[in-house]
Amino acid sequence: MTARELLKIVVVGHVDHGKSTIIGRLLYDTKSVPETAIERVKKISKEKGRPFEYAYLLDALEEEQKQGITIDTTQIKFSTPKRDYLIIDAPGHKEFLKNMVSGAANAEAALLVIDAAEGVQEQSKRHAYILSLLGIQKVYVIVNKMDMIDFSEEKFKEIKYEISSFLDKLNVYPQKYIPVSGFLGENITRKSDKMPWYKGETLLEALDLFEKDKELEDRPLRFPIQDVYKFDHRRIIAGRLESGRLKVGDEIKILPEGKVSKVKSIEFWPENNKKDEVVAGMSIGITIEDEFFNKRGEVIVHKNDNTLYVSDTFRANLFWLGKRNLVKNKTYKLKLVTQETECEIVSIDKVIDATTLETVENALEVRTNDVAEVTIKTKEKICFDEFKVNPTTGRFVLVDEYDVSGGGIISGLANLKEEATKFVKDDKEMIVHCFDEYYYSLSEGLIRKHSKYKRTFKVGDAVPIEGETYSYPESFDVIDINGKLVAKVRKGQLSDLVDIDQYIYSELPIITADGFYLKVNSIDEFKDFKNELVQLQKNDNFHLAMFANKWYDISANRSFKFTV
């Protein structure tokens, strides 16, 4: 029997915005709570003279746990026909940060809950900031208590734009904004007839649309060398396969130096354990065809894989547990998989107090239990991934003298000054303006374009599919007629970047790199478009304008906002 898929979802939001009610309602409506817990809540609600309180279900489950039932209030299970879910609900700020570091909040997706009546509060922003620290890409914003504002579409839109403007700055781009009433059950597991203006899915339907991250064996090969052993005439490279797959004959590259070789054999003890292919999680030994001097700390990848970073400077989110405060320009030891090197904290860009979630910019030190955004410089170049791409090679610890004093996750390379919005994959690069905002200046009588994002989106990154003046579907393609490239966006994430000659029309909407809808609805129409594109001369502005007037539609997914 195949194991059911499990998706971990963390729920964040202001303490009074209805997180517990929403979770309780999901559990109740999916019949994921024992009858004894429901009866206990009915009794408590009756004693207090109140209607059934779904939020009390979480407290009732805690009571169940004390009686030996394996339900944890911070990790609550429920199921749909599609898969199982683990809801991570961290009730307190300090507890949340502890969960983040201990791994309990190693979630793949998140729900950010906002109270429709109160709107976006300071704590809502702080909790949203936690999502960016965790590197979570799959996010839904749940606007709760819609019954308190008479299910107003206008108020919902105001909250949506306010929170999205804040999240933009954190590089968090929600895939959906869902208006609900947890108490009444509107849009939780059943479609609400009180909000006919909302055309999207219920919360439960939307959860099933989250795409699970790739399993470790399906990610790029990461084989950190633990040691090299000499047996008779063989030099056996030993270690644990952290991600990917490996087999005899594979061409490999050994980083950071970039030496290239081929896998000659995979060694097994005892011999009858021999396999043709090894996968992530296995501890193995290999021999290679070339007699290189290999050492502990080097990382083996496939020959044509250029996704592993090799650098001595990177940005990280760090949780500090040391007896002494973390300070700049002091030498610490950094450990990342089998790599060990000295390092310094170049800058402490932001510190978050673990208890209050208050933030301090450009701090001088990081105190015990605080979280910080830092830039780290290592004594020598090391190999790493961003945590969101590969948790194992994106996670590290810092040692202060002899004590493990901090843990961190890598958020990216440092000192990358972006001048434009780009999609990149390997050696391919597409400059895009489809996320620019358009404003009509009343004083000038002109349309002004504002480039909101100046950053590079790599495959797997979430992209901002909704802005103030544009709204794209979750899945669409972006075509660059100058660079002859097509980018594929699926479920709100950049999934591929291909040459136009390799692109197969998928019947999904196509947007130009400038953000205009392409009037193509069939394979034949796409062929006609492509044939005319081939005939276009680069500097022929007259025919380019005719071409654009024929094929582009500015009104399909764009609007203008007025400004003075």
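The model shown is predicted, which means the values in this text are computed figures rather than measured ones. For every chain, the first residue of the written sequence is number 1, and numbering continues from 1 onward in sequence order. Side-chain atom pairs in this predicted model are given and counted only at pLDDT of 80 or more, local residue features only at pLDDT of at least 70, and totals for whole chains, interfaces and linings cover all residues. Side-chain measures here rest on the full set of heavy atoms in the structure, leaving out hydrogens and waters.

Overview of the sheet that holds strand β25 (residues 422-425)
- Judged by pairing direction, the sheet is mixed, and its three strands sit side by side in the order β26-β25-β29 without closing on themselves. Single-partner strands in this sheet number two, and they are β26 (428-431) and β29 (456-458). Taking each pair of neighbouring strands and ignoring which way they run, the sheet shows an average axis angle of 25 degrees.
- At least two DSSP bridges between two strands are needed for those strands to be called paired. Per the convention used, a helix needs a DSSP run of H or I reaching at least four residues, while a strand needs a run of E reaching at least two, with both numbered from the N terminus. Pairing geometry for β25 and β29, over three bridges, is parallel. For helices, the fitted line uses only the C-alpha atoms of the stretch in contact; every axis is such a line through C-alpha atoms, and the angle between N-to-C directions lies from 0 to 180 degrees.

Points about the packing of helix α8 (residues 523-535) against helix α9 (residues 541-551)
- Between α8 and α9, the shortest axis-to-axis distance is 11 Å and the interhelical angle comes to 170 degrees. Put simply, α8 runs roughly antiparallel to α9. Taking contact as the criterion, the partners of Glu 525, Asp 528, Phe 529, Glu 532 and Leu 533 in α8 are, on α9, Phe 547, Lys 550 and Trp 551.
- Asp, Glu, Lys and Arg are counted as charged, while Ala, Val, Leu, Ile, Met, Phe, Trp, Tyr, Cys and Pro are counted as nonpolar; the rest, among them Gly, fall into the polar class. Split by residue class, the contact of α8 with α9 holds four nonpolar, no polar and four charged. These descriptions rest on fixed angle ranges, namely under 35 degrees for roughly parallel, over 145 for roughly antiparallel, 65 to 115 for roughly perpendicular, and the rest for oblique. Here a residue-residue contact requires only that any non-hydrogen atoms of the pair lie within 4.5 Å.

Let's talk about helix α1 (residues 19-29)
- Within α1, eight of the eleven residues are buried, leaving the element largely enclosed by the surrounding structure.
- Immediately beyond the C-terminal end of α1, within one or two residues, lies Lys 31, with a positive phi of roughly 55 degrees. A 1.4 Å probe rolled over the protein chains alone gives each residue an accessible area, and that area as a share of the maximum for its type sets the label: buried under 20%, exposed over 50%, partly exposed in between.

Let's talk about the pairing of strand β27 (residues 437-441)
- Burial analysis of β27 places four of its five residues in the buried class, which makes it a mostly covered element.
- In textbook terms, the turn of a hairpin is the stretch between consecutive antiparallel strands, and for β27 and strand β28 (residues 446-450) this stretch comprises four residues, one of which, Gly 445, has a positive phi near 70 degrees.
- Pairing analysis gives three bridges linking β27 to strand β36 (residues 561-563), with the strands arranged parallel. Counterpart to Tyr 440 in the pairing with β36 is Phe 562.

Let's talk about the sheet that holds β36
- Across the sheet, which stays open at both edges, the three strands sit in the order β28-β27-β36 with mixed pairing between neighbours. With one partner strand each, in any of the chains shown, β28 and β36 form the two edges of the open sheet. Each strand axis lies, on average, 40 degrees off the axis of its neighbour in the sheet, ignoring direction.

Some words on the side chain of Glu 267
- Relative to the helices and strands, Glu 267 is located in strand β12 (residues 259-267).
- The buried category is assigned to Glu 267, whose relative accessible area is 14%.
- Definition of a polar contact: a pair of N or O atoms within 3.5 Å, with one able to donate and the other able to accept a hydrogen when the atoms are protein atoms, and with sequence-neighbouring residues admitted only if both atoms are side-chain atoms. Looking at Glu 267, its side chain comes within polar contact range of the side chain of Ser 265, at 2.5 Å.
- Setting aside chain neighbours within four positions, we find Glu 267 in contact with Arg 234, Ile 236, Gly 285 and Thr 287.

Remarks on the packing of aromatic side chains
- In summary, the pairing rule links any two rings of Phe, Tyr or Trp, Trp by its six-membered ring, whose centres are within 6.5 Å, and it sorts them by plane angle into stacked for under 30 degrees, edge-to-face for over 60 and tilted for everything else. A full pass over the atoms with the stated rule returns 24 aromatic pairs.
- Ring geometry for Phe 423 against Phe 457: centres 6.1 Å apart, planes inclined by 75 degrees, an arrangement best described as edge-to-face. Taken as a pair, Phe 423 in strand β25 and Phe 457 in strand β29 lie far apart in primary sequence, 34 residues in all. Accessibility assignment for this pair places Phe 423 and Phe 457 in one class, buried.
- A centroid spacing of 6.1 Å and a plane angle of 65 degrees characterise the contact between Phe 435 and Phe 457, whose relative ring orientation is edge-to-face. In this pair, Phe 435 is assigned in the loop between β26 and β27 and Phe 457 in strand β29, connecting sequence segments 22 residues apart.

Structural notes on unusual backbone geometry
- At the junction of Leu 255 and Pro 256, the peptide bond is cis and its omega measures out at 15 degrees in the coordinates.
- With respect to the helices, strands and loops of the structure, Pro 256 is situated in the loop between β11 (251-255) and β12.
- Phi at Asn 369 takes a positive value of approximately 75 degrees, unusual for a residue other than glycine.
- Position of Asn 369 among the secondary structure elements: in the loop between β21 (365-366) and β22 (371-384).
- Owing to a relative accessible area of 23%, Asn 369 belongs among the partly exposed residues under this scheme.
- A positive phi angle, close to 60 degrees, is found at Glu 401, a residue other than glycine.
- Tracing the chain through its elements places Glu 401 in the loop between β23 (395-400) and β24 (403-413).

Brief notes about the confidence of the model for the protein
- The predictor rates its confidence in each residue with pLDDT, a number between 0 and 100. Summing up the model confidence of the protein, the mean pLDDT is 85 and the portion of residues at 70 or higher is 90%.
- This model gives residues 64-73 a pLDDT under 50, and the stretch forms 13 contacts once residues within four places in sequence are excluded.

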